[in-house]
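# Reading the structure
Each chain is listed here by its residues.
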Amino acid sequence: MFEIFAMVGWVIVGILLLYLWADVREMKRDLKSCRRDLVRNSLGGRTSENYPGFSEEQYWKEARQEQERAEPVQPKEEKAAQKKGASLKPGEEQVLREILAEFLN
């Protein structure tokens, strides 16, 4: 009689362990997808208010067109020379430092 109760107890413990294992696997999968989403959204500082998200590409196109209209037409050689000597704005440099610090830690 005692052996039957012991066997039933072991079966119940085994079932509980299987349930716990399944829950741990599910939580691990959810955490992995959540971590992947966080990394994807944080790349380039696009989660802050100053940067549009990936879904706002139309905004970027409009901003580029406005910038091209505002700038005088320059030959390609002058643009290349400006890009070589161009440095980051202080705000952009600060954002870059924050991103590097976050990923290096």
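Residues numbered from 1 in each chain as written. Predicted model: local features only at pLDDT ≥ 70, side-chain atom pairs only at ≥ 80, totals over all residues. Heavy atoms only, no water.

### With respect to the overall build of the chain
Stated formally: Helix and strand assignments come from DSSP, with helices taken as H or I runs of at least 4 residues and strands as E runs of at least 2, each series counted from the N terminus. Working definition: with a 1.4 Å probe on protein chains only, accessible area under 20% of the residue-type maximum means buried, over 50% means exposed, and in between means partly exposed. Shrake-Rupley sampling with a 1.4 Å probe provides the accessible areas, and residues are treated as covered by the protein chains on show and by no other component.
Counting its secondary structure elements, the chain contains four helices and zero strands. Going from N to C terminus, the chain has its helices and strands arranged as α-α-α-α. Classification of the 105 residues of the chain by burial places 4% in the buried group. With an accessible surface of roughly 10,200 Å², the chain has 60% of that area assigned to carbon and sulfur atoms.

### A few points about the packing of aromatic side chains
What counts, and what does not: By convention, a stacked pair of Phe, Tyr or Trp rings (six-membered ring in the case of Trp) has centres within 6.5 Å and planes under 30 degrees apart, an edge-to-face pair has planes over 60 apart, and any other such pair is tilted. Here, over-ring charges are defined by two tests on the NZ atom of lysine or the CZ atom of arginine: distance to the ring centre within 6 Å, and angle to the ring normal within 35 degrees.
Enumeration over the complete set of coordinates arrives at zero aromatic pairs. Between Arg 25 and the ring centre of Trp 21, over which it is positioned, the NZ or CZ distance is 5.1 Å.

### Brief notes about the pattern of salt bridges
The line we're drawing: We count a salt bridge whenever a side-chain nitrogen from Lys or Arg sits within 4 Å of a carboxyl oxygen from Asp or Glu.
Across all of its chains, the model carries one salt bridge by this definition. The salt bridge partner of Arg 97 is Glu 93, with a shortest N-O separation of 2.7 Å. On the criterion of helical spacing, the pair formed by Arg 97 and Glu 93 is a turn pair, its members being four residues apart in helix 4 (residues 90-104). Since its relative accessible area comes to 52%, Arg 97 is described here as exposed.

### A closer look at a positive patch on the surface
Applicable threshold: Exposure above 30% relative accessible area and the lack of any salt bridge qualify a residue for a patch; like charges then connect within 9 Å, and the nonpolar side chains Val, Leu, Ile, Met, Phe, Trp and Tyr within 5 Å. Here Asp and Glu are counted as negative and Lys and Arg as positive; His is not counted, and neither are the chain ends. All charge positions are set by atom: Lys at NZ, Arg at CZ, Asp at CG, Glu at CD.
Side chains of Arg 25, Lys 28, Arg 29, Lys 32, Arg 35 and Arg 36 sit close together on the surface and give a patch of like positive charge. For Arg 25, the location among the structural elements is in helix 1 (residues 2-42).

### Overview of the confidence of the model for the chain
Spelled out, the test is: Residue-level confidence of the predictor is summarised by pLDDT, bounded by 0 at the bottom and 100 at the top.
Per-chain confidence: the chain averages 78 in pLDDT, with 71% of residues scoring 70 or above. No element of the chain has a lower mean pLDDT than helix 3 (residues 76-85), at 60, and none a higher one than helix 1, at 90.

### Focus: the environment of Val 39
With respect to the element layout, Val 39 can be found in helix 1. For Val 39, a relative accessible area of 40% puts it in the partly exposed group. Remark: the alpha-carbon pair of Val 39 and Phe 103, spanning 64 residues in sequence, is separated by 9.9 Å.

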